[in-house]
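# Understanding the architecture of this molecule
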Amino acid sequence: MTSAHDGFGGSGTDDERRDSARTDGDGERRDGERLDGDGGRESGRDGGEPGGPERRKRNWSPGMVRWTSLRLRLVAVFAAVALTAAVSVSGIAYWLNRDAVLTRAQNSVLNDFRDSLQRNAASLPVGPTCESLNTAAARIGGPDTYQVVLIDTTRDNAPCAAPSNRDVFTLDNVPEQLQRAVNTADGKDHNRYHLRWMRISIQSHPYLVAGARINGNGPTGYMLKSLDAERKDLNSLAWSLGIATLLALVGAALLAQAAGSTVLRPVRRLGEAAQRLGEGHLDTRLKVSGTDELAEMSRTFNNAAEALESRVEELSAREAASRRFVADMSHELRTPLTAITAVTDVLEDEAEALDPMIAPAVRLVVSETRRLNELVETLMEVTRFDAGTAKLRVDEVDVADMVMACMDARAWVDSVELDAPRGLLATLDPRRLDVIMANLIGNALKHGGSPVRVRLRKEPAGTGTGAGSGSGANGNGSADGDGDGDVVIEVSDHGPGIPEDVLPHVFDRFYKADASRARSEGSGLGLSIAMENAHIHGGDITAANGPDGGAVFTLRLPIRPRGEEDDDERDGRTNGSGTSGGSSSSGTNGSGGGAR
């Protein structure tokens with residue numbers, strides 16, 4: 001019989017390792033808690049600033065997650081990168097350590113089994129007794145190392161299997177695949193037998209099983225080694241790597257939080273500054289520190305804000321100069337116009353006695369002088385609105401009587417259909433209401449089509465504006481009243497209506513739908529002054545096209561103005577200014593604004 005050393009090869013081959021059953025040494029892994037990515041918030045601006053409610057809606061609120069937040073996306077990206085890197089590193093480390101631990105354990109056991117089999121089984125005679133096999137198996141295996149089964153044929157040609165512990169390991173526990181491999185000689189190595197091994201699982205416990213046959217018709221031995229200790233070590237390693245991965249994820253989230261605060265704080269300040277700039281605070285500037293891209297963006301914003309402020313100041317100065325010029329010019333024209341008007345009155349009285357060739361020229365001079373006088377008075381009224389010196393002189397009047405008086409004074413009673421119930425009392429400035437109605441009705445008669453209808457009704461305050469989609473300066477109905485409701489007057493015609501591109505501009509000063517009409521009876525200020533007079537009452541005018549054609553102008557005035565004083569006078573506002581009690585002849589003649 002050859003020696004045991006000559007009868008054994010090394011550890012199992014790669015193919016055999018792939019075919020073997022492996023132990024799953026992975027421990028369970030817990031899911032880490034999800035980070036919400038809330039990086040806190042910076043203190044917002046005072047809620048009393050313009051746009052405060054909207055700003056508070058946009059600001060970060062505690063407990064409210066903005067899934068489109070740049071901060072949250074930054075945290076998510078950092079967390080995803082950290083998780084990917086940590087899982088990759090942990091997985092590689094685990095599999096490398098797992099392979100090293102199992103390889104070291106199995107090589108140690110296999111070398112010991114081979115040496116022990118060589119010492120105790122190779123010296124047995126050919127055809128040993130079962131007793132001698134049991135003795136050799138007991139010497140080779142043990143409860144503290146591994147269990148062994150020795151198999152051979154006795155002198156009586158009877159097979160004998162001698163386990164070191166029959167209750168733990170028998171030949172039935174050895175896979176048939178391993179038995180065939182152990183009892184197959186290697187033809188490439190002079191038909192010698194080699195040591196073979198496999199990793200298997202018995203009742204969910206990992207084991208290493210190996211076998212070898214002594215060359216020269218010697219006994220065959222099988223070994224079973226528990227790998228529970230190695231699995232516990234690998235489970236501990238998996239837990240450690242999992243905790244390290246979770247800590248890396250938390251660290252990445254905190255790092256993203258810090259980076260987000262550093263990057264997003266200047267961006268948020270820039271957004272707030274831009275909003276304040278849009279609200280009219282042209283002196284808004286950002287504090288610039290550093291030389292990075294965010295600092296450069298702040299410098300660009302400051303330069304743009306400074307240029308905008310300079311431009312606005314320049315335009316404001318020009319506008320103020322233009323207003324002063326119009327006011328001064330209007331005042332300067334009043335004195336010569338007074339004298340000219342007196343002369344034209346005399347000429348008008350003597351027109352019948354003049355030469356027939358001269359009379360038409362005299363009448364033309366009289367007409368144009370009156371028109372010039374009306375234009376100057378209109379400009380004076382505009383300057384009062386712009387200067388904020390206009391005031392209301394209110395009185396409690398019957399609105400239906402006022403509308404009827406306006407139409408009767410201009411001989412429009414037969415041309416207009418009036419639906420105005422009497423008894424609707426309102427506290428208004430009678431003169432300014434007359435100006436408004438003269439412009440609206442005169443505009444409908446001049447540019448619209450018959451019949452022109454005027455309807456008067458009372459509505460609860462704040463219920464809206466006229467029918468159809470139109471144009472108005474405020475677009476929000478009347479201002480806050482005292483709960484008495486609003487007076488609503490609709491002036492409609494049956495003409496071609498107002499083109500859609502003209503609707504937004506009908507209340508602009510000097511606006512005319514037909515720009516080619518350089519000369520027309522209207523000054524282009526009638527509807528603008530009507531709107532200013534509505535605003536000073538706390539009301540509004542809207543323009544729209546009716547569903548059946550034609551234009552619809554809707555006047556809405558509060559029945560009782562806000563802050564009415566005991567002397568029935570109060571300062572009104574029109575975009576921050578009021579109107580005056582000076583007379584305006586622009587509305588009295590119904591010249592309108594030439595809007596269509």
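Starting afresh in each chain, residues are numbered from 1 along the sequence in its written order. Per-residue local features of the predicted model are confined to residues with pLDDT of at least 70, and side-chain atom pairs are confined, for both listing and counting, to 80 or more; whole-chain, interface and lining totals are unaffected and use all residues. Hydrogens and waters are ignored; side-chain quantities use all the structure's heavy atoms.

To continue, consider the overall build of the protein. Here a strand is any run of E in DSSP of at least two residues, a helix any run of H or I of at least four, and the numbering for each starts at the N terminus. Broken down by element type, the protein carries eleven helices and 15 strands. Taken over 596 residues, the protein has a buried fraction of 42%. Each residue gets one of three labels from its accessible area relative to the maximum for its type: buried under 20%, exposed over 50%, partly exposed in between, using a 1.4 Å probe on protein chains only.

Moving on: the confidence of the model for the protein. The score called pLDDT rates the predictor's confidence residue by residue, from a low of 0 to a high of 100. When pLDDT is averaged across the protein, the result is 75; 76% of the residues are at 70 or more. Only heavy atoms enter the contact rule, under which two residues are in contact if any of them lie within 4.5 Å. Contacts of residues 1-65 to residues separated by more than four positions or lying in other chains number 125 contacts, the stretch itself having pLDDT below 50. The low-confidence segment residues 465-483, where pLDDT is below 50, has 47 contacts with residues more than four positions distant or belonging to other chains.

The next point concerns the nonpolar core. Ranked by internal contacts, the top residues of the largest apolar core, which has 42 residues, are Met-437, Ile-489, Ile-541, Phe-553 and Leu-555. Sorting elements by how many residues they give to this core places helix H10 (residues 430-447) first, with seven residues. In this view, Met-437 contacts Val-403, Cys-406, Gly-442, Val-454, Ile-489, Val-491 and Leu-555; residues no more than four positions away in its chain are not counted. Ranked by size, the runner-up nonpolar core spans 29 residues in total, among them Ile-140, Ala-162, Leu-227 and Ala-238. Within this scheme, the nonpolar core is defined by two criteria: the residues are buried Ala, Val, Leu, Ile, Met, Phe, Trp, Tyr or Cys, and they are joined through side-chain atoms within 4.5 Å.

It is worth spelling out a nonpolar patch on the surface at this point. Together, Trp-239, Ile-243 and Leu-247 line one region of the surface with nonpolar side chains, adding up to about 320 Å² of accessible area. Turning to its location among the elements, Leu-247 is positioned in helix H6 (residues 228-278). The class of Leu-247 is exposed, set by a relative accessible area of 58%. Residues form patches when they are more than 30% accessible in relative terms and have no salt bridge. Like charges link within 9 Å. Nonpolar side chains (Val, Leu, Ile, Met, Phe, Trp, Tyr) link within 5 Å. The method behind every accessible area is Shrake-Rupley, applied with a 1.4 Å probe, and residues are considered shielded solely by the protein chains displayed. Here, a salt bridge means any side-chain nitrogen of Lys or Arg that lies within 4 Å of a carboxyl oxygen of Asp or Glu.

Aromatic pairs are defined between Phe, Tyr and Trp rings, using the six-membered ring for Trp, whenever the two ring centres lie within 6.5 Å; interplanar angles under 30 degrees are classed as stacked, those over 60 as edge-to-face, and all others as tilted. Per the counting criterion, the structure on display carries three aromatic pairs. Centre to centre, the rings of Tyr-94 and Trp-95 are 5.6 Å apart; their planes meet at 75°, and the pair counts as edge-to-face. The class of Tyr-94 is buried, set by a relative accessible area of 7%. Classification of Trp-95 by relative accessible area gives partly exposed; the value is 48%. A centroid spacing of 6.0 Å and a plane angle of 85° characterise the contact between Phe-113 and Tyr-146, whose relative ring orientation is edge-to-face. Here Tyr-146 lies in the loop between helix H4 (130-140) and strand E1 (147-153) and Phe-113 lies in helix H3 (residues 70-120), a separation of 33 residues in the sequence. Across the pair, exposure class does not vary: Phe-113 and Tyr-146 are buried alike.

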